[in-house]
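Topology and contacts: notes
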Amino acid sequence: MSASPIYLDFNATTPVDPAVLDAMLPFFRDRFGNPSSSHKYGTAAAEALARARTQVAALLEASPEEIVFTSCATESINLAIKGIAFARRMQAKHHFVMSAVEHPAAAEAVRYLEREHDGVVTVVPVEQDGRVDPWRVLAAVRENTALVTLIHAQNETGALQPLQQIGEVLRSRGVPFHVDASQSVGKVPVSVSALPCDALSLAGHKLYAPKGVGVLYVRAEVELHPLLHGAPYEGGRRGGTANVPYAVGLGAACELAMGWLKSSGPERQRARRDRLQRALEADAGATLNGPRDERLPNTLNVSFPGVIGNELLDAAPEIAASTGSACHAGTHEPSGVLLAMGRSPQEALSAVRLSLGRGTTDKEIDTAAKALTAAWRKLKKP
Ligand code: PLP
């Protein structure tokens, strides 16, 4: 059997950390209780769920009551955007603000409110490095703005948006603010006690917990209507019996993430990513898509001159990476995110996203750089 390719697609999904799996397994076996049951099985599950909530809250510097467990980031984002809009008794012509580089989970939820609830949407363009100008976001806000939603770290480029200033002004103006932090939580510090926002979404499978679990942080004072009506679980914000094993896994993953962020892990990861970037810029004429500094430490999106990104990856089977967002993989449409940054369709089609994990080694980086450079030399048009 040929060796497994080097995995450089950690922004698409991460493996489940063995410690996370170990924490989860008892809750499929003898500790299977329903957290609402009043007997011993139920109270054991309820205690585990409470602990997981505390672990997630600790990572985000939130209160446990502000943590809502969901099934994925898409659900969290939909709950935030629609739940806040509906709680404001959404009237015709309610106004929404988002950037041109949102993940479809946010963009499509906003477009739904525009289409089905007579909302009005302002899409704020991004600069060439993929970041919004805070003043353009704030200038877009109107009297009747129901919500501003912004991605924290862009999934394709890793660009970190300047949210602090935006959040401070929005709070002073009483405008609800949702942050899609699906890519940033666990990779860089994300604290809702430092960042003024009303809701913040994350996905378990981007930080070494399994797919099938997410979280929405909702600030205590914020009114939000549930999307899943049912029993008053999750503080009345989501019906449906809690997925205890997965919540436990996400709690354990958040604890691991805290340790990783406090260690020199992110700095080492950044140094490896920069080493890969330097090699590809020097040996394959690659050009960076995204900001040089204000970027996730694990993400590198580069265009290779004269080739198509998909074909380049096909010619480098030693590595597993993606072109643009994994959600759109398989299509040969240029990435809308890169087009929004002013890249030409040709430049966007020649892009590859390489995203490192906590355990990515120097050796893997060097092998990947060599494989991509060799594939580029073979394919490039003279
Ligand atoms: N938001 C961002 C920034 C993402 O990268 C993703 C997944 O790629 C999502 C939201 C949606 O996550 P999920 O598909 O797990 O719901």
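Below you will find a few notes about this structure. (Residues numbered from 1 in each chain as written. Predicted model: local features only at pLDDT ≥ 70, side-chain atom pairs only at ≥ 80, totals over all residues. Heavy atoms only, no water.)

1. Focus on empty space enclosed by the protein
Taken as a whole and judged by the stated rule, the model has two cavities of 30 Å³ or more. Its boundaries defined by the atoms lining it, the largest cavity holds a volume of some 80 Å³. As for the largest cavity, its lining consists of Phe10, Thr14, Gly186, Lys187, Lys206, Tyr208, Trp260, Gln269, Asn298, Leu356, Gly357 and Arg358. Split into classes, the residues belonging to the lining of the largest cavity amount to four nonpolar, five polar and three charged. A domain-level breakdown of the lining of the largest cavity finds at least three residues from each of domain 1 (18-260) and domain 2 (263-379). By volume, the second largest cavity is sized at about 30 Å³. (1 Å grid on protein atoms, 1.4 Å probe; cavity = no way out; pocket = protein on both sides within 12 Å on 5 of 7 lines; lining within 4 Å. Points joined across faces, edges and corners; volume = space filled by probe spheres on them. Nonpolar A, V, L, I, M, F, W, Y, C, P; charged D, E, K, R; others polar. Domains from an automatic or database assignment.)

2. Some points on the pairing of strand β6 (residues 177-180)
Burial along β6 is two-sided: the face carrying Phe177 and Val179 and the face carrying His178 and Asp180 are both buried. Looking at chain direction, strand β5 (residues 145-151) and β6 are connected through four bridges and run parallel. For Thr149, the partnering residue across the bridge sits in β6 and is His178. Regarding topology, helix α6 (residues 163-173) serves as the crossover connection from β5 to the parallel β6, and that connection is right-handed. Of the pairings in the sheet, the one linking β6 to strand β7 (residues 199-203) comprises three bridges and is parallel in character. (Buried < 20%, exposed > 50% of the residue type's maximum accessible area, 1.4 Å probe, protein only. Helix = DSSP H or I, 4+ residues; strand = E, 2+ residues; numbered from the N terminus. Pairing = 2+ DSSP bridges. Right-handed = clockwise from strand over helix to strand, strands pointing away.)

3. With respect to the site of the ligand
Around the ligand, the surrounding shell consists of Cys72, Ala73, Thr74, Ile77, His103, Ile151, Asn155, Asp180, Ser182, Gln183, His205 and Lys206. The separation between a nitrogen atom of the ligand and a polar side-chain atom of Asp180 is 2.7 Å. If the ligand stood free it would expose 390 Å²; the protein chains cover 88% of that surface. With three residues, helix α3 (residues 73-87) is the largest single contributor of residues to the shell around the ligand. Looking at the shell around the ligand, its residues break down into four nonpolar, six polar and two charged. (Near = heavy atom within 4 Å. Polar contact = N/O pair within 3.5 Å; in protein donor to acceptor, adjacent residues only side chain to side chain. Areas by Shrake-Rupley, 256 points an atom, 1.4 Å probe, with all protein chains shown as cover.)

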